[in-house]
Amino acid sequence: MSLEQAKLFMEKMKTDEAFRAKIMAVQGVAERLQMANSEGYDFTEEEIKTVLAELGDAVVEGVAGGAGGDDAENYGCREEWPCGCWRDSCKKQSK
Amino acid sequence: MQWSRYNKLFRTEGLGRFCYNALSNTLIELDETHFDLLEGYRRGHEPSGIEDKGFFGLLREKRVLVKAGEEENLLLVRQHRRLANCFNTTRLNLTICPTLRCNFRCVYCFETTQAEGRFMSVETQERLIAWIREHSNIRTLSVSWYGGEPLLAFDTICALTENFLSLGLAQYRAALFTNGYLLDHEKIVQLNDLKIVSIEITLDGLAEVHDTRRVLVGGGPTYDRILENVSALMDSDYSGECRIRVNLDKRNLEGFLDLRSELLGRFKGKKLSVHPELVTITWEQSYKRDNCLDTGEWAGFDLELARRHGILPTGGLHPPGYSYYVCMAGMNQDFTVGPEGELYKCGDAVGRSAMVVGNIHAKDTITHPELRAQYTIGLDPYRDPECLACAVLPICEGGCPQRRMLAKHNGREEIEYCSPYKTRLQDYLEAYIDTVRAWEMCSALLQPGSISVEQSGYRVISPAVEAQNPLASAGG
């Protein structure tokens, strides 16, 4: 059982429409995961929930960024202070 | 009504059809009918009418369709907010170099004064405190300890901090940018009292790579000692965060994942993060420019990390929300202070007399007002015709001011300063959409039954960021 297996399963679900339809045709969550296991993807419900949480973080990160206000916490950079190296704006030279 | 210049209408391979607007920072998914409708607008046709009032309202709200002059007015508001932030006097953000001497000789370093013996004198420290006091309106002070290697002047850091804490400000905090070699136990135990909330230490790879790039004066290895110190830091009561910076170019790019894996595994559960950064050549370093990645190559690396390894770029894949972004180089009263009290507008300029804007010992502190004005106002992207014509200005905000300064005003036309969004926006958006798809699929997997999706033909994938009026709370 592994997180890696859970991620590989999600990749298969994303790219293989027939596979996805087959899994989603099953109505129960536990049954779906059992089918995934029987297809060779060895992971637990906890592990797929971890994948979901990581994906959720990736979906919201940066989108809600922007202080939208002029308070003491906003030093003007979108990057959280201190000024590290905001990827596309502040390219403080390598030290 | 007209098509916004900040729109990007695109189809993807396997992910669908989308419209993105940079001004509202909104991504909308479309079915074929609605995509064709927008394609018509994009080509300048006025379709027979958008019967879906909801869709039309969305397009107006998210600035996909705009009235003549509307975008110009919105940019004016943005410029106004930027200037309000630039001239804010309630906070002071200083980068302080207590010395420019360094105990390392990194192969790509841009500084030229590492061998010199300049340390900040007591007289300059006293003048610095007095000068800060002259900023009578400030409520907060943030300091980035820089250099050279700032830990060579740790006593100065301690002495200055004691004075900063006695200023009676609402908030004082500091960050430390160090090579990590001198971060011993004696210093670690003082970090909390020094209000150092963040430490950035550079490691360029595992030992066999790092020790060919970041070496002691005389050429000795440094990796093992730095790692010992990081380990001690993580085991201590230090309450701040440790950022491991990895300076990457073509010569060590492949080793990044191994280093990241090693560090995150070793310090799992600790406040330590690992960040890839770009080696750049903007001065007369002897390090070959050919070793470095350009902006496009860097974006490719960024995206590959996200797609193949789930490692997100700083700030995520989606373009960031607007936040009155102004680098400290553009902030009117923020400076980098050298050991002799000389003032620069950027830490990357330290040691270069041509980039000095003033000196705290001078009667009129700002000795080169035209250079300071150039940074604060002259580099305003809203004054630059090239930026004003660019479709990603709202999510770029002009890029690095220091690099723009060198490229536009110092004859260094080879220096890149534009955001990767200028050429790779769709790639970043597609990577984001791919993540959203995976998230939605995973969510559906974990819900029993079928999910019925409302088929309106369009939906917002990412929200706009509604900026508040900075003047409501600006103290300047």
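The following paragraphs examine the structure supplied in this document.

Cut-offs applied
- Residues numbered from 1 in each chain as written.
- Chains lettered and ligands numbered in written order.
- Predicted model: local features only at pLDDT ≥ 70, side-chain atom pairs only at ≥ 80, totals over all residues.
- Heavy atoms only, no water.
- Pairing = 2+ DSSP bridges.
- Helix = DSSP H or I, 4+ residues; strand = E, 2+ residues; numbered from the N terminus.
- Axes fitted to C-alpha atoms, helices over the stretch in contact; angles between N-to-C directions.
- Contact = heavy atoms within 4.5 Å.
- Salt bridge = Lys/Arg side-chain N within 4 Å of Asp/Glu carboxyl O.
- Buried < 20%, exposed > 50% of the residue type's maximum accessible area, 1.4 Å probe, protein only.
- Core = buried A, V, L, I, M, F, W, Y, C linked by side-chain atoms within 4.5 Å.
- Left-handed = near helix turned anticlockwise from the far one by under 90°.
- Nonpolar A, V, L, I, M, F, W, Y, C, P; charged D, E, K, R; others polar.
- Right-handed = clockwise from strand over helix to strand, strands pointing away.

**Regarding the sheet that holds strand 2 (residues 7-12) of chain B**
All names here are of chain B. Strand order in the open sheet made by the four strands is 2-3-4-15, with antiparallel pairing throughout. At either margin of the open sheet sits one strand with a lone partner, and together these are strand 2 and strand 15 (458-462). Ignoring strand direction, the axes of neighbouring strands in this sheet form an average angle of 25°. Two elements, strand 2 and strand 3 (residues 16-21), share six bridges in a ladder whose sense is antiparallel. The residue bridging L9 from the neighbouring strand is C19, located in strand 3. Sheet strands in contact with helix 2 (residues 53-61) are strand 4 (26-30) and strand 15, and its direction is about 30° off that of strand 15.

**What about the sheet that holds strand 13 (residues 342-344) of chain B?**
Residue and element names in this part refer to chain B. Read from one edge of the open sheet, nine strands run 11-10-9-8-7-6-12-13-14, paired in mixed fashion. The strands lining the two open edges of the sheet, one partner per strand, are strand 11 (272-278) and strand 14 (358-359). In this sheet, strand 12 (residues 335-337) lies alongside strand 6 (residues 91-96) in parallel orientation, the contact comprising three bridges. Bridge assignment links T95 to a residue of strand 12, and that residue is T336. Those strands touched by helix 9 (residues 256-266) are strand 10 (241-248) and strand 11, and its axis lies near 165° from that of strand 11. Against the sheet, helix 10 (residues 295-309) engages strand 10 and strand 11, with an angle of about 150° to strand 11.

**Focus: the pattern of salt bridges**
Taken as a whole, this structure holds 36 salt bridges over all chains when the rule is applied. Where E54 of chain A meets K7 of chain A, a salt bridge forms, and the shortest distance between an N and an O atom there is 3.4 Å. In this pair, E54 of chain A sits in helix 4 (residues 45-60) while K7 of chain A sits in helix 1 (residues 3-15), placing the two residues 47 residues apart along the sequence. Relative accessible area serves as the criterion here: at 38%, E54 of chain A is assigned to the partly exposed category. Taking the relative accessible area as the measure of exposure, K7 of chain A reaches 33% and is therefore partly exposed. For E386 of chain B, the salt bridge is made with K422 of chain B, and the minimal N-O distance between the two is 3.8 Å. Taken together, the residues span a long stretch of sequence, with E386 of chain B in helix 12 (residues 385-388) and K422 of chain B in helix 15 (residues 421-445) at a distance of 36 residues. On the basis of relative accessibility, which here comes to 41%, the residue E386 of chain B falls in the partly exposed class. Given the relative accessible area of 40%, K422 of chain B is considered partly exposed.

**Focus: the side chain of Q125 of chain B**
Structurally, Q125 of chain B can be placed in helix 4 (residues 122-133). In contact with Q125 of chain B, other than residues within four places in its own chain, are M120, T156, A159 and L160 of chain B.

**Some points on the nonpolar core**
Residue and element names in this part refer to chain B. One finds L128, I132, W145, F164 and I244 to be the most contacted residues of the largest nonpolar core, which totals 91 residues. In contact with I244, not counting residues within four places along its chain, are I201, L203, V230, L263, L272, S273, V274 and H275. Among the nonpolar cores identified, the runner-up in size contains 30 residues, and L23, L27, L393 and C396 belong to it.

**Observations regarding the packing of helix 8 (residues 223-235) of chain B against helix 9 of chain B**
All names here are of chain B. Put simply, helix 8 and helix 9 touch, their axes get as near as 12 Å, and they point 30° apart. Of the two possible hands of crossing, helix 8 and helix 9 adopt the one that is right-handed. In this structure, helix 8 uses Y223, L227 and S231 to contact helix 9, whose residues at the interface are L259, E262, L263 and R266. Residues that form the contact of helix 8 with helix 9 fall into these classes: four nonpolar, one polar and two charged.

**Points about helix 1 (residues 32-42) of chain B**
Taken together, the buried positions of helix 1 of chain B are occupied by H34, F35, L38, E39, G40 and Y41 of chain B. Backbone geometry just after helix 1 of chain B places G44 of chain B at a positive phi near 95°.

**Observations regarding the pairing of strand 7 (residues 140-145) of chain B**
All names here are of chain B. With respect to burial, strand 7 is a largely interior element, six of its six residues being buried. On strand 7, burial covers both faces: T140, S142 and S144 on one face and L141, V143 and W145 on the other are all buried. Of the pairings in the sheet, the one linking strand 6 to strand 7 comprises six bridges and is parallel in character. Residue pairing in the sheet places L94 in a bridge with V143 of strand 7. By the bridge criterion, six bridges tie strand 7 to strand 8 (residues 171-178) in an arrangement that is parallel. If you follow L141 over to strand 8, its bridge partner there is Y172. In terms of handedness, the path from strand 7 via helix 5 (residues 154-165) over to strand 8 forms a crossover that is right-handed.

Purely geometric stuff here, so don't read any function into it on its own.
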